[in-house]
Every structure is written in C-alpha cells, then in structure tokens.
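In case you want the letters, here they are:
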Amino acid sequence: MAFFLARRLVQAVLILLGVAAITFLLLYFLPADPAVLIAGRSATPQMVAAIRHELGLDQPLVMQFLHYVGNLLHGDLGRSYTQKTEVLPLILARLPATLILMAAAIVVEVALGLTFGIIAAVRRGGFVDRSVMMLSFVGVSSPQFVVALLLLYVFAATLGWFPMSGFGTARHVVLPALTLGVLGAGWYARMVRSAMIEVLRQDYVRTAHAKGLSGRRVVLGHALPNALLPIIAMVGIDIGQFMSGVVVVEAVYGWPGIGQLAWQAIQQVDVPIIMGVTLVSALAIVLGNLLADFVAPFVDPRIRSQ
C-alpha cells in the first residue's frame, strides 16, 4: 500500500511538470503579444521592447520555462501583467468561492446520480430504466451555458426563487451547483447503474434475498457498498474538473471564483494568471486522484494486496 501511494506521488509530480511544460509552450505560441497589450495602442516599438525585456519575454523559450519552474519551486507563480500583483494571492483570494461551488456541485451530482442509478438498476430493462438513461444522456450532452441560462430564466427571472447572480448566501449557490451537478449526475447515474447490475448478479446478493431480507436492505446494505468503488474514483476526478471547468458557470452567474479569474486573464492574455490557474487545477486533479487512491482500499480490501 505504501509503495503504491509513493509511486502515485512520483507520477503526480511528473504530471504537474508535464502540464506546466505543455501549457507554457501553448501560451508561448499565442498570436497575441502580452507586451503590446500592456503597452497600449499608442506605444512605440521602443516601449514594447522595454516591456518585453522587463517581463523576460525576449529570452529563449527554454530559459523562460526554466526560470518559471525555478520560481515554482519557491512557491512563486509569477506576477500578473495587468493587475500588477502576485498571482498566488489572487488565486487564493478566489479559491474559497470555487471550493464552495465545487463541494455543492459534487453533493448534487452524487445524490442525483446515486438515486437515479440505483432506480435504473433495480428496474433494469423497463420504462423507468430507459427513461433514466435517456435523461442522463441529455444531461451529459447539454452545454453548460444552455443549462445555466435555462435555470436562470425559470427559477430566477420567472419564479424569483433565487438571485440572478452574486455570492454570499446559500441561495446564491443553488443554481450554479445545480448547473454543474445536473450535468455530472448523468455520468454517475450510468456508472452506478452498470456497477449495481453487476453486483446484483452476485451469489451473495441472491443469498441475502434467500434469507428473507427486504429488497431495500439488500440493495442499500449489501449491493450499493460494493458498487461504490468507481464512484469514488469519479469524485476524485471531479474535484479537479470542477476547478478547471467552472469558467462558463462562474461567468454566467457572476461567481467570484478562479474560473472567472481565468476568463478575465484569457481575455487580457495575462499569461501568469492563466498558468497559475492551470497549475492549481492540475494540482486539484492530482490530489483528487490521490485521495481516491487512498480511500479506495478501505472500500475494496482487494486493493490493499496490490
């Protein structure tokens, strides 16, 4: 077990370095020049050249990347081109809002996914099963901005149950969490259905039925715990995906998280912020997977022997 986790930790470090290298390379070849954007339209070539030299953009690509990695080892994510401040404090200031939205969305998608997945598995092959699978397909195929605008129109503009945008109360988090959660619930429903159908065919489930246990107790007490392993892995992945995939949702709802920060940075070609948000998102994915690897052996003892 210890060797398994150590190996995963080494892999995590290599993944983060790979993400940093690929993102840095892609941003280097952007057609937009940050120095020109910072200098303004009326800037002279001399002013642009001076800004490029000040930012280190006139150095070879390899030197720029090595310098960036060296700063990363000291916890320095660089300095924002447009906001003239360190990137790390900017991200840390926005991080709590994103974590709140991420936690609420995971609760929504897991609750919906488990509920509908179990119902579809128990009623497999019937009308309920087909209906749940169709709804899950619609959910995973729907664009985030369409779902967000639809929820805003129905529950905020028409019914007035929730605010249109903002942050600060429980009512503000409901619609953004539903937007993310409904889309993710489809994946969970399909995964839970497949896992539950496989588990319900096992001998110990038939034995439990033969002993006279109620169907609810067999499903929730015996089958469901053994079908949760893939769900744990998905939750670990979602921790990172929500960190990096909330850009649209935060922009629509005016949610002051790192997704909105990233969107503003992309519009302004603020490379240090884009790199910082990307690395924080990659770190969240890695930590989420490590957490899933740590919890999985407690759910499935067979993994401990690997």
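Residues numbered from 1 in each chain as written. Predicted model: local features only at pLDDT ≥ 70, side-chain atom pairs only at ≥ 80, totals over all residues. Heavy atoms only, no water.

S.K.: How should I be thinking about the overall build of the chain in this particular structure?
M.R.: Assigned secondary structure in the chain consists of 14 helices and 0 strands. Ordering the α and β elements of the chain from the N terminus gives α-α-α-α-α-α-α-α-α-α-α-α-α-α. Relative to all contacts within the chain whose residues are 6 or more apart in sequence, the contacts with residues 24 or more apart total 74%. Accessible surface, the chain: about 16,700 Å² in total, of which carbon and sulfur atoms supply 69%. (Helix = DSSP H or I, 4+ residues; strand = E, 2+ residues; numbered from the N terminus. Contact = heavy atoms within 4.5 Å. Areas by Shrake-Rupley, 256 points an atom, 1.4 Å probe, with all protein chains shown as cover.)

S.K.: Looking at this model, I keep getting lost on helix H4 (residues 61–73). Mind explaining?
M.R.: Think of an α-helix as turning once every 3.6 residues; residues three or four places apart then point the same way. Spanning 13 residues, H4 covers 19 Å between terminal C-alpha atoms, matching the ideal 18 Å at 1.5 Å per step. Where H4 is concerned, the buried positions are Gln64, Phe65, Tyr68 and Val69. Along H4, the residues classed as buried sweep out an arc of 130° about the axis, all on the same side. Exposed residues lying more than 90 degrees from the buried face of H4 are Val62, Leu66, His67 and Leu73. Gly75 occupies a position one or two residues after H4 and carries a positive phi of about 75°. (Expected span 1.5 Å × (residues − 1). Buried < 20%, exposed > 50% of the residue type's maximum accessible area, 1.4 Å probe, protein only. Arc of directions from axis to C-beta.)

S.K.: Looking at this model, I keep getting lost on the packing of aromatic side chains. Mind explaining?
M.R.: The description of two aromatic rings rests on the distance between their centres and on the angle between their planes. Throughout the structure, instances matching the rule amount to 2 aromatic pairs. Here Phe167 and Trp255 contribute two aromatic rings whose centre-to-centre distance is 4.8 Å and whose plane-to-plane angle is 90°, an arrangement assigned as edge-to-face. Of this pair, Phe167 sits in the loop between helix H7 (144–158) and helix H8 (170–200) while Trp255 sits in the loop between helix H12 (247–253) and helix H13 (258–268), placing them 88 residues apart in sequence. For Trp255, a relative accessible area of 1% gives the class buried. (Phe/Tyr/Trp six-rings, centres within 6.5 Å; stacked < 30°, edge-to-face > 60°.)

S.K.: What should I look at first to understand helix H5 (residues 87–122) in this one?
M.R.: With 36 residues, H5 should reach 52 Å at 1.5 Å per residue; the first-to-last C-alpha distance of 50 Å fits that figure. At Leu95, H5 shows its largest kink, close to 35°, and the proline Pro96 lies no more than four residues downstream. (Bend = angle between axes of the 7 residues up to and from the residue.)

S.K.: Before we go on, may I ask you to explain the packing of H5 against H13 in this structure?
M.R.: Pairs of packed helices are described in terms of their axes, by the angle between the two and the distance that separates them. Contact geometry for H5 and H13: axes closest at 7 Å, N-to-C directions at 135°. Comparing their axes, H13 and H5 come out oblique. Contacts between H5 and H13 involve Leu90, Ile91, Arg94, Leu95 and Thr98 from the former and Ile258, Gly259, Gln260, Leu261 and Gln264 from the latter. For the contact of H5 with H13, the residue count by class is 5 nonpolar, 4 polar and 1 charged. (Axes fitted to C-alpha atoms, helices over the stretch in contact; angles between N-to-C directions. Parallel < 35°, antiparallel > 145°, perpendicular 65-115°, else oblique. Nonpolar A, V, L, I, M, F, W, Y, C, P; charged D, E, K, R; others polar.)

S.K.: When you look at the packing of H5 against helix H6 (residues 127–141) in this model, what are you seeing that I'm missing?
M.R.: Look at H5 against H6: their axes get within 8 Å of each other, and the N-to-C directions meet at 145°. Along this stretch, H5 crosses H6, giving a crossing that reads as left-handed. Here H5 contributes Phe116, Ile119 and Ala120 to the contact with H6, which in turn contributes Val128, Asp129, Val132 and Met133. Its residues assigned to classes, the contact of H5 with H6 comprises 6 nonpolar, no polar and 1 charged. (Left-handed = near helix turned anticlockwise from the far one by under 90°.)

S.K.: What am I meant to see in the environment of Gly168 here?
M.R.: Note that Gly168 resides in the loop between H7 and H8. In this structure Gly168 comes out as exposed when scored by relative accessible area, which is 59%. Each C-alpha atom, one on Gly168 and one on Ala97, is 9.0 Å from the other, the two residues being 71 residues apart in sequence.

S.K.: Sorry if this is basic, but what is going on with the nonpolar core here?
M.R.: When a protein is soluble and globular, its nonpolar side chains tend to lie buried together. Counting 33 residues, the largest nonpolar core has Leu101, Ile106, Leu175, Leu180, Val192, Phe242 and Tyr253 as its most contacted members. Looking at this core element by element, the count peaks at 10 residues for H5. The residues touching Ile106, leaving out its near neighbours within four places in the chain, are Val235, Ile239 and Phe242. By size, the runner-up hydrophobic cluster in this structure holds 25 residues, among which are Val69, Ala265, Val271 and Val277. (Core = buried A, V, L, I, M, F, W, Y, C linked by side-chain atoms within 4.5 Å.)

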